[in-house]
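# Working through the structure, step by step
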Amino acid sequence: MAGLPLDVEGYRDFVGARLEALRRTAYLLCGDWHTADDLVSAALVKLLRHWRRVSAMENPDAYVRRTLLRVWLDERRRPWRREAAWAEVPDRAAPAAGVDQVADRLTILALLAELPPRRRAVLVLRYFCDLSVEETAREMGCTPGTVKSQSARAIETLRGRLVGVPSLTQEVRTNG
Amino acid sequence: MDEIARQLRTAAAVTPPTRIDVDLLIAADRRRRQHRAWTLTGTGVAAVVAAVAVTPSLFGGAQAGRGEMVLPPVASGGGSAVALCQMVAPSASGPEPPFQTYDTVRSRPVESPQQAEGRLTGALHAAVDAVVPTDVRVVGMVPECDRPQFAYHARYREYTSIAVLSRAGLRGHLTVVVRPTPADARGDCSEAPDSAECELRPLPGDGVVLLSTSTDPGGGVQRWVQLQRPDGTSVTVTADNMISAEDGTPELTAPEPLLTSQELVELARAPGLTLYP
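## Observations concerning the overall build of chain B
Of the regular secondary structure elements, chain B holds five helices and 10 strands. When each of the 277 residues of chain B is scored for burial, the buried share is 29%. When contacts within chain B are restricted to residue pairs at least 6 apart in sequence, those whose partners lie at least 24 apart make up 58%.

This is the structure:
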C-alpha cells in the first residue's frame, strides 16, 4: 500500500483485532450476517478515510462503533430497507428443558427485529458491548435519560417473551 | 440483565467466515481517492476531450449506455440559468443499489428527468441568488461549470445538486436533494441524521420542515434541513464544513458550515424546487 499517506499498518492491525467483535455487533443490529458484513465494510471504509485523525483519538473503538451504528441507522432510513426482516415473531411459548440454542438465537433476533432501530441499538450497546448508560448515550448522540427510557421500553417489550428476563421494575432499579 | 446479555452473546456466538477483506478495502479506497482526484480536478475531462480528439468514431457513436461516460459537446458550458453543463457520468465502483420501488404520497411526477433537471437548476440558481449571502461563493462540482446544477439519479429516483461554498478561505459543501416524499415518511425527527438534535417546525401552507445539526468527534458539523411539501415533494438541504483533500482525506475547512439552518430552510422553500410544478 505504498503511496497512501496513512498509517495503513496501524489501520490493518486495529481492524484485525476488532473485526469479529464488530461483525457480531452488526449482526445483532441488522439480523443477518450478509448485511452485517456490508455494514462493517462500510464502517471500515469510513474509518479508513478518517484514520489519520481517529488513530490519534483517545478511544478509536468508540468512534468505529458509532460509525457502524450510523451506517446501520442510515441504511434503515433508506426506503428499500424498510421491509420487515420477520413477518412475525416465532412462537416461544414456555421454557423447555434443554433449551435449544438455535431456537434461542432465532427468538432473540426476531424480538430484536421488532424493536425500533434506536431502541434495538441501545440494547445491543448496553448488553452486548457492555457500555454504561453514559457511554451508550455518547455513542447514540442522546442523553443518558433517553438511553434509560429506551432501554426500559426495550426490556418491557422483551419481558415475558424471553425466558429469564426480569420485570421492568427490576430493570429500572438495576439501572438507577 | 445477565439473561439478555447471555442470549445476545449466544445469538452472535457462531460467526460464519467473513467476506470482508481488509486489503481489498484499502485498495478500493486508494482507487476511489485516485478516481475522485481525477474527476474533481477536471483532469478527467481533459483526458476525455483528448481521447475524443484522437478517436473520431466516438463522435458519431450511439448514445452512451448506463454506466458509460457521457461525452461533453464542445459547445456546452455555462450559460443561462437553466442551461446545463454536460458532465462526466462516473461508472459505479461496485454493485449498484436496487431500483427503488417505494410508494410515494402521490403519483410520481410525469415530467421527464431532462426537463426537470433544467427547471430545478433554474429554481436553485434563483434561490441561491436570493438567499446565500453575497460574500459566500457557490460553485458547482461539475468541472468548468461555475454554477451548481441538478442531476437525476435514476436508481435513487431523486435529483441531487452538490456545490462548494467558500468565503474568505473557508469552505464547505452545499447539497440539495429533491425527491418524491415516500408514503411512509412520518414527518418527524426519526428521519433526521441525529434525531436527538432535531426540531420540527410546521410552516403554514408549506408543509413541515425538520432541522437537525450533527457533529462528529473531529469537529465536522453538518446542518440538515428537510422540507416535506404538501404537494408531495421532499427537499433536503445540507451544509457542512469539511472538504475532501486530493488524497480523499476529509479536512475541516471552516469552524462551521457557511450557511445557517435558516438559510437552508429558505433554500428548501424556493418555490421552484418541487416535482409537481
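## Notes on the overall build of chain A
Each helix and strand counted, chain A has nine helices and zero strands in total. Reading the helices (α) and strands (β) of chain A from amino to carboxyl end gives α-α-α-α-α-α-α-α-α. Put simply, chain A has 176 residues, and 36% of those count as buried. Expressed as a percentage of contacts within chain A between residues at least 6 apart in sequence, the contacts between residues at least 24 apart total 57%.

## A word on the confidence of the model for chain B
Residues and elements named next belong to chain B. Looking at chain B, pLDDT values average 76 and 73% of them are 70 or higher. pLDDT under 50 marks residues 40–81. Its contacts with residues more than four places away, or in other chains, come to 38 contacts. Interface confidence for the predicted complex, given as ipTM, is 0.76, next to a pTM of 0.47.

## As for the nonpolar core
Membership of the largest hydrophobic core comes to 48 residues, with the highest contact counts inside it found for Ala26, Leu28, Leu39 and Leu68 of chain A together with Leu8 of chain B. Tallying contributions element by element places helix H1 (residues 8–30) of chain A first for this core, with nine residues. Setting aside residues no more than four positions away along its own chain, Leu39 of chain A makes contact with Ala26, Cys30, Leu68, Val71, Trp72 and Glu75 of chain A. Listed in part, the 33 residues of the second largest apolar core include Ala163, Val176, Leu211 and Leu264 of chain B.

## What about the packing of helix H6 (residues 117–127) of chain A against helix H7 (residues 133–140) of chain A?
Residues and elements named next belong to chain A. At their nearest, the axes of H6 and H7 sit 10 Å apart, and the two run at 135° to each other. By the angle between their directions, the pair H6 and H7 is classed as oblique. Along this stretch, H6 crosses H7, giving a crossing that reads as right-handed. Where H6 approaches H7, its residues Arg118, Ala121, Val122, Leu125 and Arg126 are matched on the opposing element by Thr136, Glu139 and Met140. Tallied by class, residues from the contact of H6 with H7 come to four nonpolar, one polar and three charged.

## Some thoughts on H1 of chain A
All names here are of chain A. Relative to the 33 Å expected for 23 residues at 1.5 Å per residue, H1 spans just 29 Å between its end C-alpha atoms, considerably shorter than the ideal helical length. Of all the bends in H1, the greatest, near 55°, is centred on Arg18. Within the span of H1, buried status applies to Tyr11, Phe14, Val15, Leu22, Arg23, Arg24, Thr25, Ala26, Tyr27, Leu28, Leu29 and Cys30. Looking at the residues trailing H1, positive phi occurs at Gly31, about 95°.

## Digging into the pairing of strand S5 (residues 198–202) of chain B
Residues and elements named next belong to chain B. Of the strand pairs in this sheet, S5 and strand S6 (residues 208–215) are connected by five bridges, and their pairing is antiparallel. Bridge pairing in S6 links Glu199 to Leu211. The turn linking S5 back onto S6 is made up of five residues, and Gly205 within it adopts a positive phi angle of 75°.

## Structural notes on the confidence of the model for chain A
All names here are of chain A. In the predicted model, chain A carries a mean pLDDT of 76, and the fraction of residues at 70 or more is 70%. Across chain A, the element-wise mean pLDDT spans from 44 in helix H9 (residues 168–174) up to 92 in H1. Long-range and interchain partners of residues 1–5, a stretch whose pLDDT sits below 50, account for four contacts in this model, where long-range means more than four residues apart. The model gives residues 80–99 a pLDDT under 50, and that stretch makes 21 contacts with residues more than four places away or in other chains.

## Considering the packing of H7 of chain A against helix H8 (residues 144–158) of chain A
Residue and element names in this part refer to chain A. Put simply, H7 and H8 touch, their axes get as near as 8 Å, and they point 100° apart. The angle between H7 and H8 places the two elements in the roughly perpendicular class. Across from Val133, Glu134, Thr136, Ala137 and Met140 in H7, the residues of H8 making contact are Pro144, Thr146, Val147 and Lys148. When grouped by side-chain class, the residues that make up the contact of H7 with H8 number five nonpolar, two polar and two charged.

What counts, and at which threshold
- Residues numbered from 1 in each chain as written.
- Chains lettered and ligands numbered in written order.
- Predicted model: local features only at pLDDT ≥ 70, side-chain atom pairs only at ≥ 80, totals over all residues.
- Helix = DSSP H or I, 4+ residues; strand = E, 2+ residues; numbered from the N terminus.
- Buried ≥ 20, exposed ≤ 12 C-beta atoms within 10 Å, placed from the backbone.
- Contact = placed C-beta atoms within 7 Å.
- pLDDT = per-residue confidence, 0-100.
- Core = buried A, V, L, I, M, F, W, Y, C linked by C-beta atoms within 7 Å.
- Axes fitted to C-alpha atoms, helices over the stretch in contact; angles between N-to-C directions.
- Parallel < 35°, antiparallel > 145°, perpendicular 65-115°, else oblique.
- Left-handed = near helix turned anticlockwise from the far one by under 90°.
- Nonpolar A, V, L, I, M, F, W, Y, C, P; charged D, E, K, R; others polar.
- Expected span 1.5 Å × (residues − 1).
- Bend = angle between axes of the 7 residues up to and from the residue.
- Pairing = 2+ DSSP bridges.

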